[in-house]
Amino acid sequence: MKQFFRYPDGVWPNVAALSITLLGYGAGVALLGASNWALNALGFLLVAQTLIWSAYFIHEFAHQAIFKTAAANQRWGTLMSWINGSCYATFSDMRRKHMRHHVERADVITFDVHGFLLRAPAWSRHTVLALEWAYFPAVEFLMRAFVLVLPFRDARKRAARGRVLAIAAVRLTLLAALGWWSVKALLLYFAAYLVFVTVLRFADCFQHTYDAYPILDETPIPADKVRDRAYEQANTYSDIVSLDSTWLNLVWLNFGFHNAHHERPTAPWHRLPAFHRELYPVQHAQVITVRELLRSFHTNRVKRVLSSDYGAVQPLGVNGRADGFVGAVGVSFLTAV
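Once a new chain begins, its residue numbering starts again from 1 and follows that chain's sequence as written. Under the rules for a predicted model, residues below a pLDDT of 70 receive no local features and side-chain atom pairs below 80 are neither given nor counted, while totals for whole chains, interfaces and linings still include all residues. Side-chain metrics in this entry use all non-hydrogen atoms of the structure; hydrogen atoms and water are not considered.

> Where do I start with the pattern of salt bridges in this structure?
A side chain with one charge may pair with a side chain of the opposite charge, provided their charged atoms come close. Every case where a carboxyl oxygen of Asp or Glu lies within 4 Å of a side-chain nitrogen of Lys or Arg is listed as a salt bridge. Per the counting criterion, the structure on display carries 16 salt bridges. Between Arg-96 and Asp-93 there is a salt bridge, and its shortest N-O distance comes to 3.2 Å. Of this pair, Arg-96 and Asp-93 both sit in helix α4 (residues 91–103), three residues apart, which is roughly one turn of the helix. What makes Arg-96 partly exposed here is its relative accessible area of 22%. For Asp-224, the salt bridge is made with Arg-227, and the minimal N-O distance between the two is 2.9 Å. Through salt bridges with shared partners, a single network forms among Asp-93, Arg-96, Lys-157 and Glu-218. Put simply, DSSP marks the helices as runs of H or I at least four residues long and the strands as runs of E at least two long, and each gets a number from the N terminus on. Here the term buried applies to any residue with accessible area under 20% of the maximum for its type, exposed to any over 50%, and partly exposed to those in between, with areas from a 1.4 Å probe on protein chains only.

> Please explain helix α2 (residues 37–62) as it appears in this structure.
Given 3.6 residues per turn, any residue in an α-helix points the same way as the ones three and four places further on. An ideal rise of 1.5 Å per residue puts 38 Å on 26 residues; α2 measures up with 37 Å between its terminal C-alpha atoms. Under the rule applied, a polar contact is a pair of N or O atoms within 3.5 Å (in protein, one hydrogen donor and one hydrogen acceptor; residues adjacent in sequence only if both atoms are side-chain atoms). The N-cap of α2, judged by a side-chain oxygen 2.7 Å from the amide nitrogen of Ala-38 a few residues on, is Asn-36. Gln-64 occupies a position one or two residues after α2 and carries a positive phi of about 55 degrees. Expected span of a helix, by definition, is 1.5 Å for each gap between consecutive residues, and there is one gap fewer than residues.

> Can you walk me through the packing of aromatic side chains in this structure?
When we look at a pair of aromatic rings, we describe it by the centre distance and by the angle of the planes. To pair, rings of Phe, Tyr and Trp, with the six-membered ring standing in for Trp, must have centres within 6.5 Å; the planes then decide the type, stacked if under 30 degrees apart, edge-to-face if over 60, and tilted in the middle. By the definition in use, this model includes 23 aromatic pairs. Geometrically, the ring pair formed by Tyr-56 and Phe-255 is tilted, given 4.5 Å between the ring centres and 35 degrees between the ring planes. Of the two residues, Tyr-56 sits in helix α2 while Phe-255 sits in the loop between α11 (246–249) and α12 (258–263), which places them 199 residues apart along the sequence. There is no split in this pair, since Tyr-56 and Phe-255 are both buried. Three or more aromatic residues joined by ring pairs form one cluster here, namely Phe-5, Phe-57, Phe-61, Phe-67, Trp-76 and Trp-269. Criterion for a charge above a ring: Lys NZ or Arg CZ within 6 Å of the ring centre, and within 35 degrees of the ring normal. Of note, Lys-184 hangs over the ring of Trp-37, and the distance from its end group to the ring centre comes to 4.7 Å.

All quantities given are derived from atomic positions and should not be read as evidence of function.
Pasting the structure below:
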């Protein structure tokens, strides 16, 4: 199988992880409707984990870090998008937007959710903030809704209307079938989906302090500062469980080793921990552990929705150094169009 994969040492890690993603997702959905609650719990964990891996595999395929050919990476990226529901945007659009993130060293987004909420009626803004206070990722669902409605609001995306309607019909039919088979399975699936979205937004929240620009077309970002490699590393953070938590960092497919990823974007997920150790000392200032970030994620969960900046990260070694790191919201690579 080495003839198909970009890196020889990536054959078996990728075969194993992709098999778990595909088979685990199907098995997990099936277990959600079982009569035994222990099997339901196993199904819940399988669905949540495979949804997470399907998203981060889209990221790997976007960087063409898995297969040798662009066509193979695109096919598999599209398949992963059908698993996690990001398929309303094409894989090509998601990849194009994410490449701008790397090349222009900014968060190039398609929907200014911050501006939208500030302009929205007070009742709707307060509803979103109340949901965020209750840990419901309302902003992320607004971003996903924007992907759905954009072809019907912007003439530049008009050609996507039929595609969006067809995908919506298929996915709604499948969800209806799941609910007809088992209401419990449908509710547990939605709960697993919330876990998936929350894990992704936690990772995205603290990985950059880039400027964000809502740009739908190919307009370049303003040339208002020097965004070189030094700027990139200084505004990128690695949110890992710990350097020794090999298995726990795999929850998001080593995506937490984000400085290493930005140093070499084509480095595959299974090489990132070793590459990180090669590049950075143990006490590297850009490394902030999940334990340090959890309190900030909780404390600033409402504030970050309307915050005009990311807050500040204290110097390494200061107690609670991530508490003032407000973080980003609405920058998922799955919601690009």
